[in-house]
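Each chain, written out:
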There are 2 protein chains.
Amino acid sequence: MFTGLSAFPLTPLRDGKVDENAFVGLIENLVSAEVDSIGALGSTGSYAYLNREERRLAAQLAVGAAGDVPVIVGIGAVATRDVLLLAEDAQAAGASALLLAPVSYQALRADEVFELYETVAHRVSLPLVVYDNPGTTHFQFTDELHGRIAALPNIASIKIPAVPADPAQASARVTSLRAVIPSHVSIGVSGDAAAGNGLNAGCELWYSVMGGLFPRTARALVKASRSGQAERGLEESARLEPLWALFREYGSLRVIATAAEILGHAATNCLPLPLKGLDGPSTQRVAQVVQTLQLA
Amino acid sequence: MFTGLSAFPLTPLRDGKVDENAFVGLIENLVSAEVDSIGALGSTGSYAYLNREERRLAAQLAVGAAGDVPVIVGIGAVATRDVLLLAEDAQAAGASALLLAPVSYQALRADEVFELYETVAHRVSLPLVVYDNPGTTHFQFTDELHGRIAALPNIASIKIPAVPADPAQASARVTSLRAVIPSHVSIGVSGDAAAGNGLNAGCELWYSVMGGLFPRTARALVKASRSGQAERGLEESARLEPLWALFREYGSLRVIATAAEILGHAATNCLPLPLKGLDGPSTQRVAQVVQTLQLA
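Heads up: these notes are all about the structure in this document. A quick note: this is a predicted structure, and the numbers were derived from the prediction, not measured. (Residues numbered from 1 in each chain as written. Chains lettered and ligands numbered in written order. Predicted model: local features only at pLDDT ≥ 70, side-chain atom pairs only at ≥ 80, totals over all residues. Heavy atoms only, no water.)

What to know about the overall build of chain A
So, point 1. From N to C terminus, chain A includes 13 helices and 10 strands.
So, point 2. A compact globule built from 296 residues should have a C-alpha radius of gyration of about 19 Å, and chain A, at 18 Å, falls within 12% of that.
So, point 3. Taking the principal axes of the C-alpha coordinates as reference, chain A spans close to 45 × 45 × 35 Å.
So, point 4. Burial analysis of chain A (296 residues in total) assigns 59% to the buried set.
So, point 5. In chain A, the share of contacts with a sequence separation of at least 24, taken over all contacts with a separation of at least 6, comes to 71%.
So, point 6. With the model as given, the accessible surface of chain A reaches about 11,000 Å², and the carbon-plus-sulfur share is 50%.
So, point 7. Measuring between centres, the 22 positive side-chain charges of chain A sit 1 Å from its 29 negative side-chain charges. (Helix = DSSP H or I, 4+ residues; strand = E, 2+ residues; numbered from the N terminus. Rg over C-alpha atoms; globule rule 2.2 N^0.38 Å. Buried < 20%, exposed > 50% of the residue type's maximum accessible area, 1.4 Å probe, protein only. Contact = heavy atoms within 4.5 Å. Areas by Shrake-Rupley, 256 points an atom, 1.4 Å probe, with all protein chains shown as cover. Lys, Arg positive; Asp, Glu negative; His and termini not counted. Charge placed at Lys NZ, Arg CZ, Asp CG, Glu CD.)

See the structure below:
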């Protein structure tokens, strides 16, 4: 489950409610593209904006539509109490693994984050993915803290933020983290523009935003990088630069939601307010990039 | 309601549930100290960690215990849908005003934040306080955006973060904001260490963390600053420097929660996990500061 491509689909809304048909359609697209795992209710799946009932529904729909493809379900919340309830729900829905970020309102201290993972790790029976995403949580993990958490039971993987653009620095980053965590804990890269570099640097998998909508393109990048053809992975990543540029400008979630709307995979206004898709001119840019890069 | 001292109490927990007796006790302490308003379910009131039922309960308890003192209730949440439900609940509970921060998971764009306030402002009948707190929301308001929001119906006040330590810069900050908002919209300072400076610079009120537990000390500072004795306000603030130092080191919420526990105003572990009070040695430092500064 923790190698190759882990694809994170949107949880599209229609009139403010989970669009069950659209969501199942996205999952089926991932299954037919033979992704290695599906990350339901990740940041791209808007987990932080949905209530417990919506998250339970989405987890059930994802597992139901995923067939043999393992589903990793996001259980993050600001309150530990809610994380534990969401973990129960995800386990009951048939998730294969759980994804947990230290979602913050008040800035968290390292011992608080450790205790969060310790509490959850001892209460679940599924593999747990540590979700290191300072862009949304504003919490900065140290390698020392990663090491302490990775030694807990049930920890299976770490989803790290973008590695540096310089290949040598990317390699140093992955090597330094690898040195403090057990070998059974995989390292997965996120920040799509960094995927080729991260895979070349030793990450076992890519936790992918674009892979949730364009899994075949994402698979090609993973395949190139993991077949010893490091240069081909970087070339494919470079080819996708117009998409990464949109991600940088608008945030990957807004771009992917807009692309899903353009392609009819989601209804208009599929993001939970206050988040919004892009305006007319920006939507045209997304459409053009989707066409030029032959993503659809 | 939007002048003087607005005191923000904890919402203390006991065994993970709202400690109704302790919370009412804190409110009664504020009433007897004759604060100008009470800010229930602010950041210090852990609003972001409590569910809808807990927040409804806390709003009802606060209004019930506050007598004639107006209660401002925090309605922030990441999803606009939830903000609107919380606004309804707070209005039904008898709140006198509503406090709304642009709580973020994905970084918000200015137009998304404007639309959030626009939506809420048109749906409520109570005065609305714009809660500008980049430390927790990671959203940076521009003065231009403040001006657009302040022109919406029902906007009554802006709760700004700490003003600069330099008095001239603090004055420039408040003057520049004042220039773009209508005169009926008050400006309140937060960041307790900046209160004296903010009041001297023209802020009409102090949205106060320490005032939620130590209202008499906070009132003395406000009184000094607002009676034309600017120097006395700054002297009082300087006297409290050991408390501000603890706030800087541990976050004001953890310090105030620990102080409340020490003084018997809250049970131990009164914060919602993953947040924790301080450890033994740090607790002793808090106890010493409370005693030395004669806060209790």
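Structural notes on the interface of chain A and chain B
So, point 1. Taken together, the 32 residues of chain A in the interface contact 33 residues of chain B.
So, point 2. Together chain A and chain B conceal approximately 3,200 Å² of surface at their shared face, both sides included; 49% is due to carbon and sulfur atoms.
So, point 3. Along the contact surface separating chain A from chain B lie six salt bridges.
So, point 4. Across the pair Glu 54 of chain B and Arg 81 of chain A runs a salt bridge, and its minimum N-O distance is 2.8 Å.
So, point 5. At the junction of chain A with chain B, the criterion picks out 23 residue pairs in polar contact (both at pLDDT 80 or more).
So, point 6. Of all elements in the fold, only α3 (80-93), α4 (110-123), α11 (241-250) and α12 (252-262) of chain A reach the threshold of two or more residues within the side of chain A that touches chain B.
So, point 7. Considering each element in turn, the side of chain A that touches chain B owes the most residues, three residues, to α4 of chain A.
So, point 8. By residue class, the composition of the side of chain A that touches chain B is 17 nonpolar, seven polar and eight charged. (Buried area = accessible area lost by both parts, 1.4 Å probe. Salt bridge = Lys/Arg side-chain N within 4 Å of Asp/Glu carboxyl O. Polar contact = N/O pair within 3.5 Å; in protein donor to acceptor, adjacent residues only side chain to side chain. Nonpolar A, V, L, I, M, F, W, Y, C, P; charged D, E, K, R; others polar.)

Looking at helix α2 (residues 52-66) of chain B
So, point 1. Its 15 residues give α2 of chain B an end-to-end C-alpha distance of 21 Å, which sits within 8% of 21 Å, the value for a rise of 1.5 Å per residue.
So, point 2. Contacts made by the buried residues of α2 of chain B are with α3 of chain A together with β3 (17-18), α1 (20-32), β4 (37-40), β5 (71-74) and α3 (80-93) of chain B.
So, point 3. Downstream of α2 of chain B by a residue or two, Gly 67 of chain B has a phi angle that is positive, lying close to 60°. (Expected span 1.5 Å × (residues − 1).)

Describing the pairing of strand β10 (residues 205-208) of chain A
Residues and elements named next belong to chain A.
So, point 1. Across the two faces of β10 the burial is the same, with Leu 205 and Tyr 207 and Trp 206 and Ser 208 all buried.
So, point 2. Two strands pair when backbone bridges link them, and strand β1 (residues 4-7) and β10 are joined in this way by four bridges, in the parallel orientation. Residue pairing in the sheet places Ser 6 in a bridge with Tyr 207 of β10.
So, point 3. Bridge analysis of strand β9 (residues 186-189) against β10 gives two bridges, and the strand direction is parallel. Paired with Val 189 across the two strands is Trp 206, which belongs to β10. (Pairing = 2+ DSSP bridges.)

A word on the packing of α3 of chain B against helix α4 (residues 110-123) of chain B
Pairs of packed helices are described in terms of their axes, by the angle between the two and the distance that separates them.
Residue and element names in this part refer to chain B.
So, point 1. Viewed as axis vectors pointing N to C, α3 and α4 meet at an angle of 25°, and their least axial separation amounts to 11 Å. In terms of axis orientation, α3 runs roughly parallel to α4. Relative to α4, the crossing made by α3 is right-handed. Contacts from Thr 80, Val 83 and Leu 84 in α3 reach Leu 116, Thr 119, Val 120 and Arg 123 in α4.
So, point 2. Broken down by class, the residue content of the contact of α3 with α4 amounts to four nonpolar, two polar and one charged. (Axes fitted to C-alpha atoms, helices over the stretch in contact; angles between N-to-C directions. Parallel < 35°, antiparallel > 145°, perpendicular 65-115°, else oblique. Left-handed = near helix turned anticlockwise from the far one by under 90°.)

Details of the sheet that holds strand β1 (residues 4-7) of chain B
All names here are of chain B.
So, point 1. Read around the barrel, eight strands follow the order β1-β4-β5-β6-β7-β8-β9-β10 and close on themselves; strand pairing throughout is parallel. Ignoring which end each strand starts from, the neighbouring axes of this sheet average 25° apart.
So, point 2. Examined bridge by bridge, strand β6 (residues 97-100) and strand β7 (residues 128-131) share three bridges and lie parallel to one another. Paired with Leu 98 across the strands is Leu 128, a residue of β7.
So, point 3. Docked against the sheet, α4 engages β6 and β7, running at close to 165° with respect to β7.

Some thoughts on the relation of the copies chain A and chain B
So, point 1. For the pair chain A and chain B, the relating rotation is 180°, the translation along its axis is 0.0 Å, and the fit reaches an RMSD of 0.0 Å. Here the two chains are linked by the operation of a two-fold rotation axis. Distance from the rotation axis, computed per C-alpha, reaches its smallest value in chain A at His 138 of chain A: 4.2 Å. (Least-squares fit on C-alpha atoms with pLDDT ≥ 70 in both.)

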